[in-house]
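Listed below are the residues making up each chain.
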Amino acid sequence: MLEKGFSNPTERVVRLKNMILHARPYVESERAVLATNAYKENEHLPAIMRRAKVVEKIFNELPVTIRPDELIVGAVTINPRSTEICPEFSYDWVEKEFNTMEHRVADPFIIPKKTADELHEAFKYWPGKTTSSLAASYMSDGTKESMASGVFTVGNYFFGGVGHVSVDYGKILKIGFRGIINDVTRALENLDRREPGYIKKEQFYNAVIISYQAAINFAHRYAQEATRLAQLESNPARKRELEQIAQNCTRVPENGASTFWEACQTFWFLQSMLQIESSGHSISPGRFDQYMYPHLAADKSISKEFAQELVDCCWIKLNDINKTRDEISAQAFAGYAVFQNLCVGGQTEDGRDATNPLTYMCMEATAHVRLPQPSFSIRVWQGTPDEFLFRACELVRMGLGVPAMYNDEVIIPALQNRGVSLHDARDYCIIGCVEPQAPHRTEGWHDAAFFNVAKVLEITLNNGRAGNKQLGPVTGEMTQYTGIDDFFSAFKKQMAHFVHQLVEACNSVDIAHGERCPLPFLSALVDDCIGRGKSLQEGGAIYNFTGPQAFGIADTGDSVYAIQKQVFEDRKLTLNELKSALDANFGHAVGGTPDAAAGKSSLGEQEIHEMVKRIIETHGALDAAAIKAEVYRQLASNTAAPAGNGSRFEEIRHILENTPCFGNDIDEVDLVARQCALIYCQEVEKYTNPRGGQFQAGIYPVSANVLFGKDVAALPDGRMAKEPLADGVSPRQGKDTKGPTAAANSVAKLDHFIASNGTLYNQKFLPSSLAGEQGLRHFSGLVRNYFDKKGMHVQFNVIDRKTLVEAQNNPQQHQDLVVRVAGYSAQFVVLAKEVQDDIISRTEQQF
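Worth saying up front: this structure is predicted, and the values here are computed from it rather than measured.

Chemist: Describe the overall build of the protein, listing the residues and the values that go with them.
Modeler: Of the regular secondary structure elements, the protein holds 35 helices and 20 strands. Here the protein has a C-alpha radius of gyration of 26 Å; the compact-globule value for 847 residues is 29 Å, and the two agree. Referenced to the eigenvectors of the C-alpha coordinate spread, the extents of the protein come out at roughly 80 × 65 × 55 Å. Counting the 847 residues in the protein, one finds 65% classified as buried. A fraction of 78% describes how many contacts in the protein between residues 6 or more apart in sequence connect residues 24 or more apart. Carbon and sulfur atoms form 50% of the exposed surface of the protein, whose accessible area is close to 28200 Å². Here the protein contributes 87 positively and 104 negatively charged side chains, and the mean placements of these two sets differ by 1 Å.

Chemist: Report on the packing of helix H14 (residues 304-318) against helix H16 (residues 357-369), specifying residues and quantitative values.
Modeler: Two packed helices can be described by the angle between their axes and the distance between those axes. At their nearest, the axes of H14 and H16 sit 9 Å apart, and the two run at 60 degrees to each other. When the interaxial angle is binned, H14 and H16 end up oblique. As H14 packs across H16, the resulting crossing turns out to be right-handed. Side by side, H14 and H16 meet where Ala 307, Gln 308, Val 311, Asp 312, Trp 315 and Ile 316 of the first sit next to Leu 358, Met 361, Cys 362, Glu 364, Ala 365, Thr 366, His 368 and Val 369 of the second. Of the residues in the contact of H14 with H16, the class split is nine nonpolar, three polar and two charged.

Chemist: Before we move on, can you summarise the sheet that holds strand S20 (residues 844-845) with the specific residues and values?
Modeler: In space, the six strands of this open sheet follow the order S4-S5-S6-S17-S16-S20, with mixed pairing throughout. Each edge of the open sheet is held by one strand with a lone partner, namely strand S4 (341-345) and S20. Of the pairings in the sheet, the one linking strand S16 (residues 762-765) to S20 comprises two bridges and is parallel in character. Paired with Lys 764 across the bridge in S20 is Glu 844. Its contacts with the sheet put helix H18 (residues 408-417) on strand S5 (375-380) and strand S6 (404-407), and the angle it makes with S6 is roughly 60 degrees.

Chemist: Report on the confidence of the model for the protein, specifying residues and quantitative values.
Modeler: In low-pLDDT segments, the atomic positions of the prediction should not be examined closely. In the predicted model, the protein carries a mean pLDDT of 92, and the fraction of residues at 70 or more is 93%. For residues 592-602, every residue scores under 50 in pLDDT, and the model assigns this stretch 23 contacts once sequence neighbours within four places are set aside. Within the model, pLDDT remains below 50 along residues 635-643, and this stretch shows 19 contacts once partners closer than five positions in the same chain are excluded.

Chemist: A description of the pairing of strand S17 (residues 793-798) should follow, citing residues and the corresponding values.
Modeler: The buried fraction of S17 is high, at six of six residues. Burial of the side chains of S17 extends over both faces: His 793, Gln 795 and Asn 797 are buried on one face and Val 794, Phe 796 and Val 798 on the other. Sheet topology note: the S6/S17 ladder contains two bridges and is antiparallel. Bridged to Tyr 406 within S17 is His 793. Taken together, S16, helix H33 (residues 772-788) and S17 form a β-α-β motif whose crossover is right-handed.

Chemist: Any chance you could break down unusual backbone geometry for me, citing the residues and the numbers?
Modeler: For the bond from Val 252 to Pro 253, the omega torsion is 5 degrees, close enough to zero to count as cis. When you line up the elements, Pro 253 lands in the loop between helix H11 (236-251) and helix H12 (260-277). Cis geometry is adopted by the peptide bond preceding Pro 403, which originates at Val 402 and carries an omega value of 0 degrees. In this fold, Pro 403 is placed in the loop between helix H17 (386-396) and S6. For His 440, which is not a glycine, the phi torsion comes out positive at approximately 50 degrees. You can see His 440 is positioned in the loop between strand S8 (435-437) and strand S9 (442-443). Phi at Asp 447 takes a positive value of approximately 60 degrees, unusual for a residue other than glycine. With respect to the helices and strands, the residue Asp 447 is situated in strand S10 (residues 446-452).

Chemist: Describe in detail the side chain of Asn 507, supporting the description with residues and values.
Modeler: Mapped onto the fold, Asn 507 is located in helix H21 (residues 484-516). Once residues lying within four places of it in the same chain are set aside, the contact partners of Asn 507 are Thr 688, Asn 689, Pro 690 and Phe 695.

Chemist: Any details on the environment of Asp 168? Residues and values, ideally.
Modeler: Relative to the helices and strands, Asp 168 resides in the loop between helix H8 (155-158) and helix H9 (169-189). Look at Asp 168 and you get buried, because its relative accessible area is 13%. A sequence separation of 118 residues divides Asp 168 from Gly 286, and the C-alpha atoms of the two residues are 9.4 Å apart. Ignoring sequence-local partners within four residues, the contact set of Asp 168 consists of His 440 and Leu 525.

Chemist: Which residues make up the state of the cysteines, and what are the values?
Modeler: Applying the stated rule across the entire model yields zero disulfides. Cysteine Cys 343 shares no disulfide, and the gap to the nearest cysteine sulfur, in Cys 429, comes to 6.8 Å. By relative accessible area, which is 0% here, Cys 343 ends up buried.

Chemist: Lay out the pattern of salt bridges in plain terms, naming residues and giving numbers.
Modeler: Applying the stated criterion across every chain, the model contains 57 salt bridges. In this structure, the salt-bridge partner of Asp 570 is Lys 565, at a minimum N-O distance of 3.1 Å.

Chemist: For H9, give the residues involved together with the corresponding values.
Modeler: In a regular helix each residue adds 1.5 Å, so 21 residues correspond to 30 Å; H9 covers only 26 Å between its end C-alpha atoms and thus falls short of that length. Bending of H9 peaks at approximately 95 degrees at the position of Ile 175. Turning to H9, its buried residues number three or more, namely Tyr 169, Gly 170, Ile 172, Leu 173, Gly 176, Phe 177, Gly 179, Ile 180, Ile 181, Val 184 and Ala 187.

Chemist: Give me the nonpolar core: which residues, what numbers.
Modeler: Considering soluble globular proteins, one finds that nonpolar side chains tend to be buried as a cluster. Core analysis: the biggest nonpolar cluster contains 287 residues, and Met 405, Phe 451 and Tyr 680 have the highest contact counts within it. Here this core gets 17 residues from one element, more than from any other, and that element is helix H10 (residues 198-232). Sequence-distant contacts of Tyr 680, defined by excluding residues within four places in its chain, comprise Phe 451, Val 453, Met 495, Val 499, Leu 502, Pro 548, Gln 549, Ala 550, Ala 697 and Gly 698.

Chemist: I'd love a proper account of helix H5 (residues 113-123), names of residues and values included.
Modeler: Every buried residue of H5 is accounted for by Thr 115, Ala 116, Leu 119, Ala 122 and Phe 123. Angularly, the buried residues of H5 cover 125 degrees about the axis, an arc narrow enough to put them on a single face. Among the exposed residues of H5, those oriented more than 90 degrees off its buried face are Lys 113 and Lys 114. Buried positions along H5 lie against strand S1 (27-28), helix H2 (30-41) and helix H4 (92-96).

Chemist: Give me the lowdown on the environment of Ser 768, citing residues and values where you can.
Modeler: Mapped onto the fold, Ser 768 is located in the loop between S16 and H33. Taking the C-alpha atoms as reference points, Ser 768 and Val 798, 30 residues apart in sequence, are found 9.1 Å from one another.

Thresholds, definitions, all that
Residues numbered from 1 in each chain as written. Predicted model: local features only at pLDDT ≥ 70, side-chain atom pairs only at ≥ 80, totals over all residues. Heavy atoms only, no water. Helix = DSSP H or I, 4+ residues; strand = E, 2+ residues; numbered from the N terminus. Rg over C-alpha atoms; globule rule 2.2 N^0.38 Å. Buried < 20%, exposed > 50% of the residue type's maximum accessible area, 1.4 Å probe, protein only. Contact = heavy atoms within 4.5 Å. Areas by Shrake-Rupley, 256 points an atom, 1.4 Å probe, with all protein chains shown as cover. Lys, Arg positive; Asp, Glu negative; His and termini not counted. Charge placed at Lys NZ, Arg CZ, Asp CG, Glu CD. Axes fitted to C-alpha atoms, helices over the stretch in contact; angles between N-to-C directions. Parallel < 35°, antiparallel > 145°, perpendicular 65-115°, else oblique. Left-handed = near helix turned anticlockwise from the far one by under 90°. Nonpolar A, V, L, I, M, F, W, Y, C, P; charged D, E, K, R; others polar. Pairing = 2+ DSSP bridges. pLDDT = per-residue confidence, 0-100. Right-handed = clockwise from strand over helix to strand, strands pointing away. Disulfide = S-S within 2.5 Å. Salt bridge = Lys/Arg side-chain N within 4 Å of Asp/Glu carboxyl O. Expected span 1.5 Å × (residues − 1). Bend = angle between axes of the 7 residues up to and from the residue. Core = buried A, V, L, I, M, F, W, Y, C linked by side-chain atoms within 4.5 Å. Arc of directions from axis to C-beta.

This is how it looks when you write it as C-alpha cells:
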C-alpha cells in the first residue's frame, strides 16, 4: 500500500487551531511606543547602540502573554494573530489608514481608538527619521517615476524590515544565548585596538551583549508568568504543565536545550524574538528536521505522541505571527502572508539523504494543523526515497497547497555558480516564497523588488513611453520594426535602463537600513557577523546577495512570439494594425465605470486605488497637487475606443489569442519565453550591492501579478489592459491546454540555473485525477520527470473550481479552506476577490 493517510490531531491542537482560525487581527501599539521612547532616550548613541537599547526596552517591557492550552509560550502580541507596528521603518501609511484598515479589501486589521491615539502620539517623533525617508532621499526622480508607473517597486523593504533570513537555530539549541554572549565577550577581548575599525566593532559587540541579556530576561519573564498562572490553576494537569513551562523558560534559551520540549520552546522563543526586533517577514525556520532531530533522538523519556503534539504546537505558534502592510502592498501579499518557510528532506552537507523520523512528523503536523503557516517545503534529489515523495504527494492531495517541492539537482549548482561552497550549497533551505540560500550564512535580500517585465514590453512597443510619458530611452517605434530582432534590440535597451533604476532603488533602501537600522540580535545568529565585528546590514554575512524578482514572463514570451508569427512569418497582421488595436485595447474601454464605455470621463474604484498607489510610491505620502494632476491624467485616458474599428480589433485579438502559447511543450514558443527571461536575469546579475554582494534574479510574483497587471496596457498576446498577468514561471491562465506534463516540460525549458533567487511554478489539479494509488504514482512521476528536466520548483493546488466558487460566495462556511496563492498558502476566504478570481481561473489539469 502506497497510501498511508494521516492521523488526527489531539483535542488541544484542535482548540489552539480554532483560536487562530477565528481570531480577528488587531493592530497593537505597545512595541511602537516602547521603540519610540527608546529612540528618544538614546539620541546621543550611534545607530547600532540605539538599536540595542530599543531591543532591550522591548524585551524588558513588552506585555507577557500565555494563552490557554499552550505548551509552547511566547507572543509578539496580546491578541492572537495580531500585529505590532515598527515606526522606525515607516509609519505615515498606518496613520492614513486608522479609519479604513478594518474595512479594506485585502488583509483588514482592527485598530481600536485607544491604539490609534497611542500610535498617533508616537508617530510625532518620526518625520525624517525612518529608513524609508532616508532611502527616498537617495533615489533619483526618474527612479521614483518608474516605480509610480508600475515598472517595479521596492516597497517590501522600503516600508518595513528586511527579514528573509534563516538563522543558526542549531547553535542556540546547543549553547544558548549565554553561549552567544560568551563568544562575543571573547571577540571583544581579542580586538586589536590599533586597527581603524576597532571603534565600530566594539560598539557592535556591546550592542549584541545588551540585546542578548535582554532576550534572556524576556524568557525569564515568561517563567515568572507561568509560575503565577500555575499558582492560580485549579486543574491539576494544567498546573503541572504550567510548572514545567516555567522550568523550561528558566533554562532556555539562556542555555542549550536538554529535552525535546526545551528544544521546541527554544525554537519558538528565537522565532518570535526575531519578529519583535524588526518588522521583516520571511523569517524562515529552514531545515527544522535537521537541527531539531538530534534533540528528539536524545530525549529517551518523551513519547512519540507527545513529541508530535509539541511539533503541532510549534506549527500553531507560527500562525500567531502576523503583519500589516499599506493597502496597496496588502493586495500584493494578500492573505496575511508572513512566509515562514520550513523545509525538510534533501541532502546532508556531505551529500547523503537527509530524511529522518522528524521529517515525517513535520508532514504529520502540517496535516494536523491545516493552516497557512509554516510555508512547508520539501527538497527532492535523485536519492530521495520513494516513500518520502509518496508521503509528500499524499499531503498535497489534501488540498492545502503544501508542500512546495524544490529540486536539489538545480538549486545546488545554481548556488555554487554564485560563489557558495558545495558544503554550504548542499545545506540550502528555502526563504519566504521560493528563494534558496545557505542558512545562517547569508544576507540574501530576497524579494528585494517586484519587476514587471510585461510593463517593459509595453514601454518597448511604445518607443520608451508609458502612456504619454517618456519613461524609458527612445528605441524606435514598433511600426518601424523590420523583423523580430529589431524588437529584441529595443527590449534589451529598455531592460538595461529600468534594471539600472531598479538597482538604484534597491541599493538606496539597502544603504538606509545599514545606516539607520542595523539589527544586533539578528546579526549574532548569522555567520560571520561576530567574526567580522559588523552587523548583517553592513555586510557581516559570509554570502551577500540582492534578489529582485520578475513576473510577466509568459505574457512577454507569448506576446513576442505572436508578433514574430502573425506579423513577420504568417503576415496575418501589419505592425500598424497591431499598434492601433493595442492602443484601442482591442476596442474595449479601459477600466472606469460603465460611463467610460459610453465615452464619458469618470473614475472607478480601481482607478482610484491605482492613483493612490502611484502617488504614495512617488511622494512617500498623499500629496494634494499630485492628486489633482493624477485625476486629470486618469480622466483624460478613460475614453472609449475609436468608433468604427471594433470588429477588426476583435478579429485581430482573435488571431493573437489563437497563436500557440507557452505551456504546451512547443519549442519555438517556449524558447522565446526563455530568451525574454534571460534578458532580465543577465541584466540583473551585472550589478553589486552596498554589502559587497551580487544581484541575482528570481522569477516569482507573490500575488503581484494581479495587482501590477493593472498597470499594464493591452498586449500582443491578446490580453486586454489591466488584466492579471501570468504568475511566476507558470503559463498564462487557461493557455496550457496539452496536459500537466506538456506544461511542466515548457516551464523546464527556462534557464532555472541563472534565476538563482528562485522560480515559482504553480499547477492546479482536479482532486479526482490524483485519487487512489494510481493517481499517487502519476503525481509523483510528474514531479520526478519535471525535476529530471531541470525544473527548479513546483507547487500544487488540488481543488475544483466549484469548491472555490462556493467558498467565494459563502465564506463563513469555508473558513478553513487553505489554497496556494503563489509562494505561500493562505485562507481562501480572506483573499481579495481579484486574487480569488486569479486562482479560480488557473488551468485545471488532469492526467
